[in-house]
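Here are the chains, one letter per residue:
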Amino acid sequence: MSTTLFALALFGCTDDGTECQRIAAKADTYRTQALCSARVEDALTSDAAMRAEYPTVYAQCMTTNKLAAIGKRTIDINRVNVQFASAR
């Protein structure tokens, strides 16, 4: 039986969200989406989020498989099936 883990990752984006990249910060993992979601605000006020040189920083909980599929490539958050919480 496999266990689904959720990762909390930070993304730096253009204001319109058409170009986003993962911020080079460790993505914490959680056993449930609820535990992950409870830490979103903390992630948005972290040093990594505050030092990011992007007009908008987003935090997102997603399965570790989905995060691995995104990798470090540039994504358009308007085209991926996730809802982001914004810091700015």
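What this report covers is the structure whose coordinates are included nearby. Just so it is clear, the structure is predicted and the values come from calculations on it, not from any experiment.

Using the criterion set out here, one finds 2 disulfides in the structure. The disulfide partner of Cys13 is Cys20, and the S-S distance across this bridge is 2.1 Å. In this structure the cystine formed by Cys13 and Cys20 twists about its S-S bond by roughly 120°; its chirality is therefore right-handed. For Cys13, a relative accessible area of 0% gives the class buried. Taken in sequence order, the bonded cysteines of the protein link in the pattern 1-2, 3-4.

Rules and cut-offs
Residues numbered from 1 in each chain as written. Predicted model: local features only at pLDDT ≥ 70, side-chain atom pairs only at ≥ 80, totals over all residues. Heavy atoms only, no water. Disulfide = S-S within 2.5 Å. Buried < 20%, exposed > 50% of the residue type's maximum accessible area, 1.4 Å probe, protein only.

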